[in-house]
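# Notes for the structure review
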Amino acid sequence: MIRYAAAIALLAATLPTAAVRPAAAEEPLTVASRPVEDLKAVFATVESVRQIKARTRIGGTLIGLSVREGERVAEGQVIATVGDPKLALQIAALDARLRSLQAQETLAEAELGRARQLRASGTGSQQRLDDAVSALDVLRAQAAAMRADRAVVEQQAREGDVLSPADGRVLQVPLLDGVVVMAGEAVATIAAERYVLRLRLPERHARFMRNGDPVLVGARGLALAETDQPPARGTIRHVYPELEQGQVVADAEVAGLGDYFVGERVRVLVATGTREALVVPGDFLIRRLGVDVLRLADGREVPVQTGRPLPALDGGSGGVEILSGLKPGDRILRPGDAP
């Protein structure tokens, strides 16, 4: 008796869902073959469109290095300073020479005043007056040239600031405070604030790659993890005309790549052609005892072999590919619909 009751309970558990649910009024879905994108999973790397080096403009000792790898910087931000003690000595020497010239100018102005008085009284010659005027002009010209030299040295001192050439993220800082650097030496490498996914596919897929084609980006961690969030969508923006080691290279734009590591690998689904397939919505499938089952419009249930879910690259509806057990023209119902 106990075994008989258990058999009844097992039979009730395996009955179709429609037997215990109220009937629904939805029309059966007619299965038809349709073209689907043949997707290929490849690994892409996050790359910066431009990598710019922040270089020194003068030689000297590196001081005040204020950035580390991974930090974000703004264009024009001071990230380090190069100090050259000789520049301060040159400015001091030029200041001393300017003070000397100013004293000579004072004497020359006094001499010019006396020459003019003597010339006015008729006791002085015109040559003496002309010599005094020329001497003062020469001293003033020398002072102006000295001030220009001082401005050049001051500008060199200001060029000790190493500036970020663009907004972006610091990738490398190969130097340390206190090291001696030459003019033009790179202090940091900065990835500009525009990132792409660089894809590499076998040469046989080159003819399928086109600008504007959509791509699906999986979860981080080198896996297309099944999560509640749909895959990120991107678009191929550039296909390079040259093959590299038998591979076609393309760049795809995807929102949010600025939060990834530069060089991080991500799994991407790319369309490499189209083929005909039977695709049904996933909510039509019934999973029973490890087998996928579909309900036909006449009430029968047929086991089917399914492929992996097909995401919709074009923004339309996806579904599950039916590999066997169903044919075009069959009419199927959802589990809760009445035949």
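The rules behind the values
Residues numbered from 1 in each chain as written. Predicted model: local features only at pLDDT ≥ 70, side-chain atom pairs only at ≥ 80, totals over all residues. Heavy atoms only, no water. Helix = DSSP H or I, 4+ residues; strand = E, 2+ residues; numbered from the N terminus. Buried < 20%, exposed > 50% of the residue type's maximum accessible area, 1.4 Å probe, protein only. Contact = heavy atoms within 4.5 Å. Areas by Shrake-Rupley, 256 points an atom, 1.4 Å probe, with all protein chains shown as cover. Phe/Tyr/Trp six-rings, centres within 6.5 Å; stacked < 30°, edge-to-face > 60°. Lys NZ or Arg CZ within 6 Å of the ring centre and 35° of its normal. Axes fitted to C-alpha atoms, helices over the stretch in contact; angles between N-to-C directions. Parallel < 35°, antiparallel > 145°, perpendicular 65-115°, else oblique. Left-handed = near helix turned anticlockwise from the far one by under 90°. Nonpolar A, V, L, I, M, F, W, Y, C, P; charged D, E, K, R; others polar. Pairing = 2+ DSSP bridges. pLDDT = per-residue confidence, 0-100. Core = buried A, V, L, I, M, F, W, Y, C linked by side-chain atoms within 4.5 Å.

What follows covers the overall build of the protein chain. Of regular secondary structure, the protein chain possesses 3 helices and 20 strands. Within the span of the protein chain, comprising 339 residues, buried residues form 34% of the whole. The contacts in the protein chain between residues at least 6 apart in sequence include a share of 74% that link residues at least 24 apart. Summing over all exposed atoms, the protein chain offers an accessible surface of approximately 19,800 Å²; the carbon and sulfur share of this is 54%.

Our focus in this paragraph is the packing of aromatic side chains. Counted under the stated rule, the structure contains 0 aromatic pairs. Of note, R265 hangs over the ring of F43, and the distance from its end group to the ring centre comes to 4.9 Å.

As a packed pair, helix 2 (residues 85-121) and helix 3 (residues 126-158) sit with axes 8 Å apart at the nearest point and diverge in direction by 165°. Between helix 2 and helix 3, the crossing angle belongs to the class labelled roughly antiparallel. For the element pair helix 2 and helix 3, the recorded crossing hand is left-handed. Its residues assigned to classes, the contact of helix 2 with helix 3 comprises 18 nonpolar, 5 polar and 13 charged.

Once that is clear, we can look at the sheet that holds strand 5 (residues 72-73). With antiparallel pairing, 4 strands are arranged side by side in an open sheet as 3-10-8-5. A single partner strand is all that each edge strand has here, and the edge strands are strand 3 (51-55) and strand 5. Strand direction decides the pairing type here: strand 5 and strand 8 (residues 168-172), joined by 2 bridges, are antiparallel. Residue V73 lies in a different strand from strand 8, and its bridge partner there is G168.

With 86% of its residues at a pLDDT of 70 or more, the protein chain shows a mean pLDDT of 82. The secondary structure element of the protein chain with the lowest average pLDDT is helix 1 (residues 2-13), at 37, and the one with the highest is strand 3, at 92. Contacts from residues 1-24, a stretch scored under 50 in pLDDT, to residues over four places away or in other chains number 16 contacts.

L62, I79, V162, V170 and V187 are the most contacted members of the largest nonpolar core, which totals 32 residues. Breaking this core down by element, the ones donating at least two residues are strand 6 (78-83), helix 2, helix 3 and strand 10 (186-192). The greatest single-element share of this core, amounting to 8 residues, is contributed by helix 2. L62 has contacts with A80, T81, V82, L175, L176, D177, G178, V179, V181 and V187, leaving out every residue within four places of it along the chain. In terms of nonpolar packing, the next biggest core, distinct from the first, is built from 21 residues, A44, V46, A250 and V254 among them.

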